[in-house]
Amino acid sequence: MIVLAFGDVCGPAGMRAVTTKLPGLKKFYGADLCIVNGENADILGIKPEQAHALFEAGADVITLGNHTWKRMQIVQELEGNPFLIRPLNFPPAAPGNGFARVPMGSGKFFGVVSLIGRLECCWNSACPFAAMDRLLEKQEADFYIVDFHAEATSEKQALARYLDGRVSAVYGTHTHVQTSDALVLPGGTGFITDLGMTGAEDSILGISTKDAIAHFTTGVPIRHKAPETKARLEGCLFEIDELTGKCTAVQSLRVEEEGSIGYN
């Protein structure tokens, strides 16, 4: 089985790149499951129409993160669409769910999980380690894929090692910078610290270079704007054994909006 996961879609350039490139990518790789982190689709947060566009382009599940509530229009979608998920370890009273159960053709189910980190990211969330323990005890799916939206690389790596052998894949999102450590852990869990970003190439983490520099040099808060320049899609491919649920191969991906499909 092939699972494709793409990192934080950021702004108009990221949305354009996904909607034009994702259908071909799914076909090219023969993907059985495609997961897209969409929490920055509107730069901060995601609107319902953007979620619809990502699903229409081929996303099977959309995960969110620390900007989930920046566009409150999304609450109704979170409550009505089981494949649009916010972090599982948000407070229990939060709208929506943190787990999506996706049917496979063989009668089995993928379980896609969204989690958020607590270290320098979301201080009022519950422990992601304990949240996963509770979810896995329920045995609601055959194979689990985890999007861990976190700032600290140490927290991401610790969670992956903690879950090694119990889930098929763990990958990090949130920092918008793709890491070079894609690997299969000893217990058979695929891992990469961060998928990277789907957004404008000529930017700083998907936002205007000029504005980002001005913020650092003046200390004055500046409204984030995303340039609509050429974009790239960054993510990862996980190959999963259908019998065991173990990951057998991991490959980071970087696809230029105007270029050909290929590996990083």
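Our subject is the structure listed above.
Residues numbered from 1 in each chain as written. Predicted model: local features only at pLDDT ≥ 70, side-chain atom pairs only at ≥ 80, totals over all residues. Heavy atoms only, no water.

Caption draft 1: Seen up close, the environment of Ala-150. Note that Ala-150 resides in the loop between strand 8 (143–149) and helix 5 (153–163). Between the alpha carbons of Ala-150 and Asp-241 there is a distance of 27 Å; along the sequence they are 91 residues apart. Look past the residues within four positions of Ala-150 in its chain and what remains in contact with it is Gly-117, Cys-121, Glu-155, Lys-156, Thr-173, His-174 and Thr-175. (Helix = DSSP H or I, 4+ residues; strand = E, 2+ residues; numbered from the N terminus. Contact = heavy atoms within 4.5 Å.)

Caption draft 2: Quick peek at the pairing of strand 9 (residues 169–173). Across the five residues of strand 9, five count as buried, placing the element largely inside the fold. Both faces of strand 9 are covered, namely the face carrying Ala-169, Tyr-171 and Thr-173 and the face carrying Val-170 and Gly-172. In terms of strand pairing, strand 8 meets strand 9 through five bridges, oriented parallel. In the strand pairing of strand 9, Phe-148 is matched with Gly-172. Looking at chain direction, strand 9 and strand 11 (residues 190–192) are connected through three bridges and run parallel. Bridging across to strand 11, Tyr-171 finds its partner in Ile-192. (Buried < 20%, exposed > 50% of the residue type's maximum accessible area, 1.4 Å probe, protein only. Pairing = 2+ DSSP bridges.)

Caption draft 3: Inspection of the packing of aromatic side chains at higher detail. Applying the stated criterion to the full structure yields six aromatic pairs. Over the face of the ring belonging to Phe-109 we find Arg-101, whose NZ or CZ atom lies 3.6 Å from the ring centre. (Phe/Tyr/Trp six-rings, centres within 6.5 Å; stacked < 30°, edge-to-face > 60°. Lys NZ or Arg CZ within 6 Å of the ring centre and 35° of its normal.)

Caption draft 4: Representation of the sheet that holds strand 11 within the structure. What the six strands build is an open sheet, ordered 6-7-8-9-11-10; its pairing is mixed. In this open sheet, the two strands that pair with only one neighbour each are strand 6 (99–103) and strand 10 (183–184). For strand 6 and strand 7 (residues 109–116), the ladder comprises five bridges, and the chain directions are antiparallel. Directly across from Pro-103, in strand 7, lies its bridge partner Phe-109. Helix 4 (residues 128–138) contacts strand 6, strand 7 and strand 8 of the sheet and is inclined by roughly 160° relative to strand 7. (Axes fitted to C-alpha atoms, helices over the stretch in contact; angles between N-to-C directions.)

In short, geometric facts, not functional conclusions.
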